Amino acid sequence: MAGLAERLRAGERGLAALFLGGTDLTLVEMAGAAGFDFVVLDAEHGMAWRELPALLVACRAAGIPGIVRVLPKRPDMIHLALDWGADGVLVPGIESVDEAARAVAAGRYAPEGRRGVAFSTRGALYGKRSGPEFLAEANRTLAILLQVETQGALDQLDALLALPGYDGIFVGPTDLSVALGEQSRLTPRVDAVIEDVVRRAEAVGKPWGLFAGPAARYKLWRERGAAYCATGITSLVYGACEAWLKEGRGA
Ligand code: 3PY
Ligand code: MG
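Every chain is numbered on its own, with residues counted from 1 as its sequence reads. In the order they appear in the text, chains get letters beginning with A and ligands get numbers beginning with 1. At least 70 in pLDDT is required for a residue's local features to be given in this predicted model, at least 80 for side-chain atom pairs to be given and counted, and no such filter applies to totals for whole chains, interfaces and linings, which use all residues. Values reported for side chains reflect all heavy atoms of the structure, with hydrogen atoms and water molecules removed beforehand.

## Digging into the overall build of the protein
Moving on, step 1. Within the protein, the secondary structure is distributed over 12 helices and 8 strands.
Moving on, step 2. Taking 2.2 N^0.38 as the reference for a compact globule, 251 residues should give roughly 18 Å; the C-alpha atoms of the protein span a radius of gyration of 18 Å, in line with that estimate.
Moving on, step 3. Going through the 251 residues of the protein one by one, you find that 50% of them count as buried.
Moving on, step 4. Contact definition: two residues touch when any of their heavy atoms are within 4.5 Å. In the protein, of all internal contacts separated by at least 6 residues, the share reaching a separation of at least 24 is 60%. Only runs of H or I of at least four residues qualify as helices and only runs of E of at least two qualify as strands under DSSP, and these elements are numbered from the N terminus. Atoms considered for the radius of gyration are the C-alpha atoms alone. The globule rule reads 2.2 Å times the number of residues to the power 0.38. Partly exposed residues are those whose accessible area sits between 20% and 50% of the maximum for their type, while under 20% is buried and over 50% is exposed, using a 1.4 Å probe and protein chains only.

## What to know about helix α12 (residues 233-249)
Moving on, step 1. For α12, which comprises 17 residues, the first-to-last C-alpha distance of 24 Å matches the rise-based estimate of 24 Å (1.5 Å per residue) to within 8%.
Moving on, step 2. In the segment just after α12, Gly250 is the residue with positive phi, at about 65 degrees. Multiply 1.5 Å by the residue count of a helix minus one, and that product is the helix's expected span.

## Concerning the site of ligand 1
Moving on, step 1. Residues in close proximity to ligand 1 include Phe19, Arg69, Gln147, Glu149, Phe170, Gly172, Pro173, Thr174, Asp175 and Phe211, which together make up its full environment.
Moving on, step 2. By the criterion applied in these results, polar contacts are pairs of N or O atoms within 3.5 Å in which, for protein atoms, one can donate a hydrogen and the other can accept it, and in which residues neighboring in sequence qualify only through two side-chain atoms. Separating an oxygen atom of ligand 1 from a side-chain N or O atom of Gln147 is a distance of 3.0 Å.
Moving on, step 3. Contact between ligand 1 and Thr174: an oxygen atom at 2.7 Å from a main-chain N or O atom of the residue.
Moving on, step 4. Of all the elements, helix α9 (residues 173-179) adds the most residues to the shell around ligand 1, at 3 residues.
Moving on, step 5. Throughout this entry, Asp, Glu, Lys and Arg are counted as charged residues, while Ala, Val, Leu, Ile, Met, Phe, Trp, Tyr, Cys and Pro are counted as nonpolar. The remaining residues, Gly among them, count as polar. Classifying every residue of the shell around ligand 1 by side-chain character gives 4 nonpolar, 3 polar and 3 charged. The rule for a residue being near a molecule or strand is that one of its heavy atoms must lie within 4 Å of it.

## What to know about the coordination of the magnesium ion (ligand 2)
Moving on, step 1. A 2.8 Å cut-off from the metal defines N, O and S donors, relaxed to 3.2 Å for Na, K and Ca; water is not in the atom list, so some sites may appear incomplete. Within the protein, Glu149 (OE) and Asp175 (OD) serve as the donor atoms for the magnesium ion (ligand 2), at 2.1 to 2.2 Å. Here Glu149, found in the loop between β5 (143-148) and α7 (151-155), pairs with Asp175, found in helix α9; they are 26 residues apart in sequence, far enough to count as distant.

## Considerations on unusual backbone geometry
Moving on, step 1. Here the residue pair Ala110 and Pro111 is connected by a cis peptide bond, since its omega of 10 degrees sits within 30 degrees of zero.
Moving on, step 2. In this fold, Pro111 is placed in the loop between α5 (97-107) and α6 (131-141).
Moving on, step 3. Positive phi is not limited to glycine here, since Lys73 has a value of about 55 degrees.
Moving on, step 4. On the secondary structure map, Lys73 appears in the loop between β3 (66-69) and α4 (75-83).
Moving on, step 5. Residues other than glycine seldom take positive phi values, yet Tyr126 does so here, at roughly 60 degrees.
Moving on, step 6. Considering the arrangement of structural elements, one finds Tyr126 in the loop between α5 and α6.
Moving on, step 7. On the basis of relative accessible area, Tyr126 is assigned to the exposed category, the value being 57%.

## Describing the packing of aromatic side chains
Moving on, step 1. Aromatic pairing here means that ring centres of Phe, Tyr or Trp (its six-membered ring) are within 6.5 Å. Orientation follows from the plane angle: under 30 degrees is stacked, over 60 is edge-to-face, and everything else is tilted. Counted by the stated rule, this structure contains 8 aromatic pairs.
Moving on, step 2. Summarising the aromatic geometry, the rings of Trp49 and Trp84 are spaced 5.3 Å apart at their centres and angled 35 degrees between planes, so their arrangement reads as tilted. Taken as a pair, Trp49 in the loop between β2 (38-42) and α3 (52-62) and Trp84 in the loop between α4 and β4 (88-91) lie far apart in primary sequence, 35 residues in all.
Moving on, step 3. Classification of Trp84 by relative accessible area gives partly exposed; the value is 29%.
Moving on, step 4. Here a set of aromatic residues connected by ring pairs shows up, and it is made of Phe19, Phe38, Phe170, Phe211 and Tyr228.
Moving on, step 5. In this scheme, Lys NZ or Arg CZ marks a charge over a ring once it lies within 6 Å of the ring centre and within 35 degrees of the ring normal. A cation over a ring is seen here: Lys206 above Tyr166, with NZ or CZ 3.8 Å from the ring centre.

## Quick notes on the sheet that holds β2
Moving on, step 1. Paired strands, as defined in this entry, are two strands with at least two bridges between them according to DSSP. Spatially, the 8 strands close up into a barrel ordered β1-β2-β3-β4-β5-β6-β7-β8, and their pairing is parallel. Neighbour-to-neighbour, the strand axes of this sheet turn through a mean angle of 25 degrees, independent of strand direction.
Moving on, step 2. Relative to strand β8 (residues 228-232), strand β1 (residues 15-20) is paired through 5 bridges, and the arrangement is parallel. If you follow Leu18 over to β8, its bridge partner there is Thr231.
Moving on, step 3. Packing against the sheet, α4 makes contact with β3 and β4, and its axis sits at approximately 155 degrees to β4. Angles shown run from 0 to 180 degrees and are taken between the N-to-C directions of axes, each axis being a line fitted to C-alpha atoms and, for helices, limited to the stretch in contact.

## Quick word on the side chain of Thr231
Moving on, step 1. Here Thr231 lies in strand β8.
Moving on, step 2. Residues contacting Thr231, with those up to four places away along its chain left out, are Ala17, Leu18, Phe19, Phe36, Phe211, Gly213 and Leu236.

## Looking at the pairing of β3
Moving on, step 1. Going residue by residue along β3, you find Gly66 and Val68 tucked away on one face and Ile67 and Arg69 tucked away on the opposite face as well.
Moving on, step 2. Relative to β3, β2 runs parallel, the two sharing 4 bridges. The partner of Leu41 across the bridge, within β3, is Val68.
Moving on, step 3. For the handedness criterion, the β-α-β arrangement of β2, α3 and β3 is classed as right-handed.
Moving on, step 4. As paired elements, β3 and β4 share 3 bridges and run parallel to each other. Bridge pairing links Val68 to Val89 in β4.
Moving on, step 5. Handedness is read with the strands pointing away from the viewer; a crossover is right-handed when the path from the first strand over the helix to the second is clockwise. Considered for its hand, the β-α-β crossover made up of β3, α4 and β4 is right-handed.

See the structure below:
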């Protein structure tokens, strides 16, 4: 099966991603069984880092790509996530092109980046894969997605979009709304700023996606041409819990 980066390059659109902030391996299996295209193992706001090796084993077993959201400004986490066998990384809080370039460098082997090389890693199947062919394959197949969610990223957007070596941008409407001084991520102004980001990404052929949240917004942005849209397991489960109690108690 083609890697996520290759699918994006091939022009696939409308992929669905599920953010998993917990450590429960069965949720990885559930995401795969339900038909999500990839999971985001969240080590920025979730607890995924605590069980990352096991979560990545579960991803491979379930046949669903596992993308790790690292902390901002932590190239060391990019290095570890990929060595541990992640299918890619999502880098949040990017504030400048220089910062984006550092993230790309951490995730790509030379000559595209400066990722340290070892063929003993899980990512290299413990030595089964090695040599220049493996390095080129890793650079081709592992996805690097950069979040656009700060004023700095908006200010440097065109330069960020021109940076080589990464596979797409991912808009974070929650951080973006706070950066814009809005009260919620669901306001016309936030949508207008996202639309502007999208237009500029499309103008240079950069795949784009976002945290869509509810299914209706997945549909909306998918139809608008998003390469990938995400929702989160916590809001899905928490929403279902609240609805179940409300209906059962008739209140
Ligand atoms: C945001 O909305 O800020 C995000 O990072 C979504 O994951
Ligand atoms: Mg965010």
